[in-house]
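Listed here are the chains, written in short residue letters.
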Amino acid sequence: MSMSNVTLARKRLPGAGIPWRWLVPAVLLAIIVLSALLADILAPHDPNKQNLANFLSPPSAEHWMGTDALGRDVMSRMMYGARISLLVGVSSVGLALLIGVVLGITSAMVGGWIGEAIMRLTDLLLTLPPVLIALAVAATVGPSLPNVIMVIALLYWAQFARMVRGEALSIRERDYVQAAYAIGCGNTRLLWKHILPNLVNTVIVLATLQIAGAILLESTLSFLGVGVPPPTPTWGTMVADGRPYVELGWWMVTFPGLGIMVAVLSINLLGDVLRDKLDPKFVRRS
Amino acid sequence: MTSGFFIGRLTQTLLTMLLLSVIVFGLARLSGDPVMLMAPAEATAADLARISAKLGLDQPLLVQYWKFLVNALQGDLGSSIKWDADAATIILERFPHTLLLAGCAMLFGVALALPVGIWSAVRRDTWFDNVGKLIALIGQSMPTFWFGIILILIFALYIPIFPTSGYGTVWHLVLPSVTLGAYVAASIMRVTRSAMLDALEADYVRTARSKGLSEWRIVLVHAFKNGAIPILTITALQAATILRGAVVTETVFSWPGVGKIAVDAVYSRDFPLVQAAVLFMGVVFLIVNLLVDLLYLLLDPRINYLKR
């Protein structure tokens, strides 16, 4: 009863027909993506140009988000920083997806001790603190953009492998696959025609959510100083740079952090929408 | 049947630990010459040779790994270059600090998440529920390090109630616990809400209502008892998440725990200590996960692991 009241009340509100649930995060994400892509044109200042006369000047008409301790324009650095976040997020998850799908399928189709070994490796990767592992790797191979992408990919493939293996095992048991096998369909054909196409939706949903995680992890690594090294502007490094001056200039820390939050939040929200649309097995509550 | 599951799960954990040791051992070899990695930058050629002989690096890899493993099992995780002391001792000294922070954070997280989650379920689809959902989402998307700094900015610098960082008094514990606790509160809240929604729709709740029991009694006794298993499960799972987040939180607040020592060791290129910290934390995580799985079994005898 109360449910229908709520629905009725909602219908009367102006703008009730607008799909806010995906429109708001999509617009926010579009702003971030566009400002990253068009940073060369849109950025009001050179992100690396130092001007000590502008030491920590607060947000103004000239510098919308203020300047940092080296007099660099925070907003321009934010725009270039978005590039790194998106680049690392998409490429590391792409790489993780590739490794994960291949190893997950291998684990399900080949089985035996190889399958078991792959699953133990995923156990390990899913239990260990990613930041700690990434720290250890960065300490060994040194921080750089490609290394950050590699580390995140090497940590993130496990979830794909787990999921793909589980799905593949259950799809394999289904009647139509068994029937295809019975009429002489070989393993390769079975894989390409029956198993992989059924995995696409789940993989897309997981990849979306993983990109949000990867952006968060990259910013954490950069904050700790083992991510993308300076002078490349990244949101994580910007927060770290602003930390000693936080009392003098809140803007140096606040804006990059908000950038990370909005990017991660909107990708997560879009991931949820995608999951509802693509993955009917997953029933969302209310 | 239960013991079969237990033995299987234990074997699996031990195997994973073995794998961890291989990875940690291999990491030092990734960069080429581990001596260069372990020696301070100003070391001379004679120093390098001495370190190499001391570490037994002239021996075959398998022999080296075997020694590393036997030593680790005996509690010898090598020695820190910077502190010139046994790495295991350093880590064990710091570990109680990490546990203290993790415990307080968990307490805060649960204390925040349970009431909000329960109330959101009871007042489903009201403004309270929607605001709660939004805050949980924001909480999960927020970088921990940034939230910590913002808390320092507001509650230590602008309004000086708490110390900015460090260790010592109860006051030092508040901001790091809130930072770390907020992170897990979001997940616990979401699960509490949906578990309570399930429980509130059940037949026994209708029966309880028809008996004329008070709404409080229905929610807190009848529904909560039945929703408790998923809530306890997610809380137990968050134990691992909290230890994971501790690395960053400890760094932001200069909290002298294992995470801080690991990050510092990376900065000072104290590789044996990094190695020891990763190995130690990894083993702790695997044990926590094992315990969580066993806890499930105790909590809900309906769960049958053998079927998985």
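Keep in mind it's a predicted model, so treat the numbers as computed, not measured. (Residues numbered from 1 in each chain as written. Chains lettered and ligands numbered in written order. Predicted model: local features only at pLDDT ≥ 70, side-chain atom pairs only at ≥ 80, totals over all residues. Heavy atoms only, no water.)

## So, the overall build of chain A
Quick reminder of the rule: Segments assigned H or I by DSSP are reported as helices when at least four residues long, segments assigned E as strands when at least two residues long, and all are numbered from the N terminus. Partly exposed describes any residue whose relative accessible area lies between the buried limit of under 20% and the exposed limit of over 50%, with all areas from a 1.4 Å probe on protein chains only and scaled to the type maximum. Here, residues are in contact when the closest pair of their heavy atoms is within 4.5 Å. Here the Shrake-Rupley method, with its probe set to 1.4 Å, supplies the accessible areas, and only the displayed protein chains count as covering residues. When charges are counted, Lys and Arg contribute as positive and Asp and Glu as negative, whereas His and the chain ends are disregarded. For charged residues, the charge sits on one atom: NZ in Lys, CZ in Arg, CG in Asp, CD in Glu.
Summing up its helical and strand segments, chain A has eleven helices and zero strands in all. The secondary structure elements of chain A, listed N-terminal to C-terminal, are α-α-α-α-α-α-α-α-α-α-α. By residue count, 51% of the 286 residues in chain A fall in the buried class. In chain A, of all internal contacts separated by at least 6 residues, the share reaching a separation of at least 24 is 73%. Of the accessible surface of chain A, which amounts to about 13,400 Å², a share of 68% is contributed by carbon and sulfur atoms. In chain A, 21 side chains carry a positive charge and 16 a negative one; their mean positions are 10 Å apart.

## Considering the overall build of chain B
Counting its secondary structure elements, chain B contains twelve helices and two strands. If you list the helices and strands of chain B from N to C, you get α-α-α-α-β-β-α-α-α-α-α-α-α-α. Among the 308 residues that make up chain B, the fraction classed as buried is 48%. Restricting the contact set of chain B to residue pairs at least 6 apart, pairs at least 24 apart contribute 73%. Surface exposure of chain B reaches about 15,000 Å², of which carbon and sulfur atoms provide 68%.

## Description of the confidence of the model for chain B
Residue and element names in this part refer to chain B. Under the convention used in this document: pLDDT expresses how confident the predictor is about each individual residue, on a scale running from 0 to 100.
Averaged over all residues, the pLDDT of chain B equals 81, while 90% of them reach at least 70. Across chain B, element-level confidence peaks in helix α5 (residues 87-122) with a mean pLDDT of 90 and bottoms out in helix α2 (residues 34-38) with 62. Our summary of model confidence lists the complex with pTM equal to 0.84 and ipTM equal to 0.82.

## Description of the interface of chain A and chain B
What counts is decided by this rule: In this description, buried area is defined as the sum, over both parts, of the accessible area (probe of 1.4 Å) that is lost when the two are combined. A carboxyl oxygen of Asp or Glu within 4 Å of a side-chain nitrogen of Lys or Arg is what we treat as a salt bridge. Nitrogen and oxygen atoms within 3.5 Å of one another constitute a polar contact, given that in protein one can donate a hydrogen and the other can accept it, and given that sequence-neighbouring residues count only through two side-chain atoms. Gly counts as polar in this scheme, as do all residues outside two lists: the nonpolar Ala, Val, Leu, Ile, Met, Phe, Trp, Tyr, Cys and Pro, and the charged Asp, Glu, Lys and Arg.
Opposite the 45 residues of chain A that make contact, chain B presents 52 residues. Of the roughly 4,300 Å² buried at the junction of chain A and chain B (both faces included), carbon and sulfur atoms supply 74%. Linking chain A to chain B there are one salt bridge. A salt bridge links A:Asp272 to B:Arg190; the shortest N-O distance between them is 4.0 Å. Across the chain A-chain B interface, the total number found is three residue pairs in polar contact (both at pLDDT 80 or more). Elements that contribute at least two residues to the side of chain A that touches chain B include exactly α1 (2-12), α5 (112-127), α6 (130-141), α9 (187-224), α10 (235-242) and α11 (250-278) of chain A. Counting residues per element, the side of chain A that touches chain B draws most heavily on α11(A), at twelve residues. For the side of chain A that touches chain B, a count of residues per class yields 28 nonpolar, ten polar and seven charged.

## Some points on the environment of B:Ala223
Residues and elements named next belong to chain B. Inspection of the secondary structure assignment puts Ala-223 in helix α10 (residues 215-252). For Ala-223, a relative accessible area of 0% puts it in the buried group. Between the C-alpha atoms of Ala-223 and Ile-118, which are 105 residues apart in sequence, the distance is 9.7 Å. For Ala-223, the contacting residues outside a window of four places in its chain are Met-196, Ala-199, Leu-200, Val-205 and Ile-218.

## Quick notes on the side chain of A:Thr234
All names here are of chain A. Here Thr-234 is to be found in the loop between α9 and α10. Of note is the side chain of Thr-234, whose polar atom sits 3.5 Å from the side chain of Ser-222. Aside from chain neighbours lying at most four places away, what touches Thr-234 is Gly-81, Ile-84, Glu-218, Ser-222 and Val-228.

## A few points about the side chain of B:Ser21
All names here are of chain B. By secondary structure assignment, the location of Ser-21 is in helix α1 (residues 2-30). A polar contact of 2.7 Å, which involves the side chain of Ser-21, links it to the side chain of Tyr-65. Residue contacts for Ser-21: discarding those within four places in its chain leaves Tyr-65, Phe-68, Leu-69 and Leu-279.

## Quick word on the pattern of salt bridges
Tallied over the full model, the rule gives 13 salt bridges over all chains. For B:Arg94, the salt bridge goes to B:Glu93, with nearest N and O atoms at 3.5 Å. The class for B:Arg94 is buried, based on a relative accessible area of 16%. One salt bridge in this structure joins B:Asp129 and B:Arg193, with 2.7 Å as the shortest N-O distance. Residue B:Asp129 is found in helix α6 (residues 127-141), and its partner B:Arg193 is found in helix α8 (residues 170-200); the two are separated by 64 residues along the sequence. In terms of burial, B:Asp129 and B:Arg193 fall into one category: buried. Salt bridges sharing common partners tie together A:Asp68, A:Arg72, A:Arg77 and A:Asp241.

## Description of the packing of α8(B) against α10(B)
Residue and element names in this part refer to chain B. To be explicit about the condition: To obtain each axis, a line is fitted to C-alpha atoms, and for helices this fit is confined to the stretch in contact; angles are then taken between N-to-C directions over 0 to 180 degrees. Working definition: roughly parallel below 35 degrees, roughly antiparallel above 145 degrees, roughly perpendicular at 65 to 115 degrees, and oblique for all remaining angles. By convention, the crossing between two helices is left-handed when the near helix turns anticlockwise from the far helix through less than a right angle, and right-handed when the turn is clockwise.
One way to put it is that α8 packs onto α10 with a least axis distance of 8 Å and a crossing angle of 155°. Accordingly, the angle class assigned to the pair α8 and α10 is roughly antiparallel. The hand of the α8/α10 crossing is right-handed. Across the contact of α8 with α10, the residue classes break down as 18 nonpolar, nine polar and no charged.

## A few points about α6(B)
Condition: Helix span, expected: 1.5 Å multiplied by one less than the number of residues in the helix.
With 15 residues, α6(B) ought to run about 21 Å at 1.5 Å a step, and its terminal C-alpha atoms sit 21 Å apart, in line with that. Listed in full, the buried residues belonging to α6(B) are B:Asp129, B:Gly132, B:Ala136, B:Leu137, B:Gly139 and B:Ser141. The elements touched by buried residues of α6(B) are α9 and α11 of chain A together with α5 and α8 of chain B.

## Some points on unusual backbone geometry
Here the residue pair A:Pro230 and A:Pro231 is connected by a cis peptide bond, since its omega of 10° sits within 30 degrees of zero. Along the polypeptide, A:Pro231 turns up in the loop between α9 and α10. Its identity is not glycine, yet B:Asp125 carries a phi of approximately 65°, on the positive side. Tracing the backbone through its elements, the reader meets B:Asp125 in the loop between α5 and α6.

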